[in-house]
Amino acid sequence: MTHSSSEFPRPLAVITGASAGLGKVFARQLAERGFDLLLVARDAERLRVLSDELSLQYAIVAESWPADLSRDEGMRGLAEFLAKNERVMVLVNNAGFGTKGRLATRPVGEQATMIELHVMAPMLLTRAVLPGMIARREGHVITVASVASFTAAPGNANYCATKAYQRVFMEAVALELDGTGVRVQALCPGFTHTEFHGRADIDKGTIPGFLWLESERVVRESLDAAFGDGPVVVIPTKRYRMIVTALRHMPAWMRSVFQRRYSKARIEG
Ligand SMILES: NC(=O)c1ccc[n+]([C@@H]2O[C@H](COP(=O)([O-])OP(=O)(O)OC[C@H]3O[C@@H](n4cnc5c(N)ncnc54)[C@H](OP(=O)(O)O)[C@@H]3O)[C@@H](O)[C@H]2O)c1
């Protein structure tokens, strides 16, 4: 793929974890907004089907980039390509997964993979696109963190820690980008209906209904904030903004009680 900027009239949006869940919805909504797409995930067939569908439906160019972004060659190969691509206007660092169970019981390789995918890959990809965006004085990087970034929950140790990295990383980079015309966002959704919990074998029934969000709404709030004058840290829905405010201000002992209560599905069963 060695397209020059003059070949294509539309800017490019790159979405990791685009084969399912929030990433797939980001792909659709960015296509609706007139972006060409580069869709990244491991499942090449799902990416191909989605690229074909969105290209046809929105008269854009959507292409697939199958890669395992937890592996060195996967993340570095994509980073090298993005660093040279002059059309990247949006990067969505979205690929991620959760696990269930206490750290001492989990395979160490799986936990290391999480750190590579949630920390090293977004750092390398963001570092790759920023110089070009700054030179062009426009661009957006959205990293999908989580409400979990404000917690430290049992059964979720590396997940909370890596999501906190993503949020703090975006907040600090946002300050570095003051006056450049480039904007970054840490999207912090609460529980959202996607494939996430099924893949991690987490029983969704243990989480109260009022806490569940639809992925279309989460993505819409993210993109409205990015292309409007929204904050760096985007927490979709008023309900979750109130929960995060409460979490940030309650005493540590009280936060531990809530974290234990809502982590049952991750440490039992
Ligand atoms: N759902 C929630 O409740 C929730 C809440 C807050 C934050 N989040 C965050 O939202 C993001 C998206 O998750 P989701 O809920 O949409 O889950 P999902 O439906 O399971 O989708 C996860 C996506 O990540 C991709 N992915 C996983 N491992 C990968 C790897 N090694 N390399 C490349 N791509 C990989 C998957 O594609 P392949 O399997 O094809 O690679 C898939 O496209 C994650 O960062 C998650 O932490 C989710």
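Above this text sits the structure in question.
Source: prediction; values computed, not measured.

Reading the values: rules and limits
- Residues numbered from 1 in each chain as written.
- Predicted model: local features only at pLDDT ≥ 70, side-chain atom pairs only at ≥ 80, totals over all residues.
- Heavy atoms only, no water.
- Helix = DSSP H or I, 4+ residues; strand = E, 2+ residues; numbered from the N terminus.
- Rg over C-alpha atoms; globule rule 2.2 N^0.38 Å.
- Buried < 20%, exposed > 50% of the residue type's maximum accessible area, 1.4 Å probe, protein only.
- Contact = heavy atoms within 4.5 Å.
- Lys, Arg positive; Asp, Glu negative; His and termini not counted.
- Charge placed at Lys NZ, Arg CZ, Asp CG, Glu CD.
- Expected span 1.5 Å × (residues − 1).
- Arc of directions from axis to C-beta.
- Pairing = 2+ DSSP bridges.
- Axes fitted to C-alpha atoms, helices over the stretch in contact; angles between N-to-C directions.
- Core = buried A, V, L, I, M, F, W, Y, C linked by side-chain atoms within 4.5 Å.
- Near = heavy atom within 4 Å.
- Polar contact = N/O pair within 3.5 Å; in protein donor to acceptor, adjacent residues only side chain to side chain.
- Areas by Shrake-Rupley, 256 points an atom, 1.4 Å probe, with all protein chains shown as cover.
- Phe/Tyr/Trp six-rings, centres within 6.5 Å; stacked < 30°, edge-to-face > 60°.

Draft legend 1. Quick peek at the overall build of the chain. Helix and strand counts for the chain stand at ten helices and nine strands. Whereas a compact globule of 269 residues would reach a radius of gyration of roughly 18 Å, the chain reaches 18 Å, a difference of no more than 12%. Dimensions of the chain, computed from the C-alpha atoms along their principal axes, are close to 55 × 40 × 30 Å. In the chain, which comprises 269 residues, the share counted as buried stands at 51%. Nonlocal contacts in the chain, meaning residues at least 24 apart in sequence, comprise 71% of its contacts between residues at least 6 apart. For the chain, the distance from the average position of its 33 positive side-chain charges to the average position of its 28 negative side-chain charges is 7 Å.

Draft legend 2. Inspection of helix 8 (residues 238–249) at higher detail. Between its terminal C-alpha atoms helix 8 stretches 17 Å, which fits the 16 Å expected from twelve residues at 1.5 Å a residue. Of all the positions in helix 8, only Tyr240, Val244 and Leu247 are classed as buried. End-on view of helix 8: buried residues confined to an arc of 60°, all on one side of the axis. Exposed side chains of helix 8 directed beyond 90 degrees from the buried face belong to Lys238, Met242 and His249. Taken together, the buried residues of helix 8 touch strand 8 (213–214) and helix 9 (252–261).

Draft legend 3. Structural view of the sheet that holds strand 1 (residues 12–16). Reading across the sheet, the seven strands line up as 3-2-1-4-5-6-9 and stay open at both edges, with parallel pairing between neighbours. Two strands bound the open sheet, and with one partner strand each, they are strand 3 (62–66) and strand 9 (233–234). Bridge count between strand 2 (residues 36–41) and strand 3: five bridges; the pairing is parallel. Bridged to leucine 39 within strand 3 is serine 64. On the sheet, helix 3 (residues 72–84) packs against strand 1, strand 2, strand 3 and strand 4 (88–93) and is oriented at approximately 165° with respect to strand 2. In the packing of helix 5 (residues 157–176) onto the sheet, contacts are made with strand 5 (139–144), strand 6 (182–187) and strand 9, and the angle to strand 6 comes to roughly 155°.

Draft legend 4. The nonpolar core, seen in detail. One finds Ile15, Phe26, Leu30, Leu37, Leu39 and Val92 to be the most contacted residues of the largest nonpolar core, which totals 42 residues. Those elements giving two or more residues to this core turn out to be strand 1, helix 1 (21–32), strand 2, helix 2 (44–58), strand 4, strand 5, helix 7 (215–227) and helix 8. Looking at this core, the element that brings in the most residues is helix 1, giving six residues. Setting aside chain neighbours within four positions, we find valine 92 in contact with Val14, Ile15, Thr16, Phe26, Leu30, Ile142 and Val144. Core analysis: the next-biggest nonpolar cluster, separate from the first, contains 32 residues, Leu69, Leu124, Val141 and Ala186 among them.

Draft legend 5. Focus on the site of the ligand. In the vicinity of the ligand there are 31 residues, among which Leu22, Arg42, Tyr159, Thr194 and Arg199 approach most closely. Residue lysine 163 places a side-chain N or O atom 2.9 Å away from an oxygen atom belonging to the ligand. In this structure, glutamate 195 approaches the ligand through a main-chain N or O atom, which is 3.0 Å from an oxygen atom. Considering the ligand on its own, with 880 Å² of exposed area, one finds that the protein chains cover 97% of that surface.

Draft legend 6. Quick look at the packing of aromatic side chains. All chains considered together, the criterion is met by five aromatic pairs. An angle of 15° between the planes, with centres 5.3 Å apart, marks the rings of tyrosine 165 and phenylalanine 169 as stacked. Placement of both tyrosine 165 and phenylalanine 169 in helix 5 is noted, with a separation of four residues, approximately one turn of the helix. Classification of tyrosine 165 by relative accessible area gives partly exposed; the value is 26%. Exposure remark for phenylalanine 169: the relative accessible area of 17% places this residue in the buried category. Relative to tryptophan 212, the ring of phenylalanine 191 has its centre 5.5 Å away and its plane inclined at 45°; by these criteria the two rings are tilted. Residue phenylalanine 191 is found in the loop between strand 6 and strand 7 (192–193), and its partner tryptophan 212 is found in the loop between helix 6 (196–199) and strand 8; the two are separated by 21 residues along the sequence. Among the residues examined, phenylalanine 191 registers a relative accessible area of 19% and is labelled buried.

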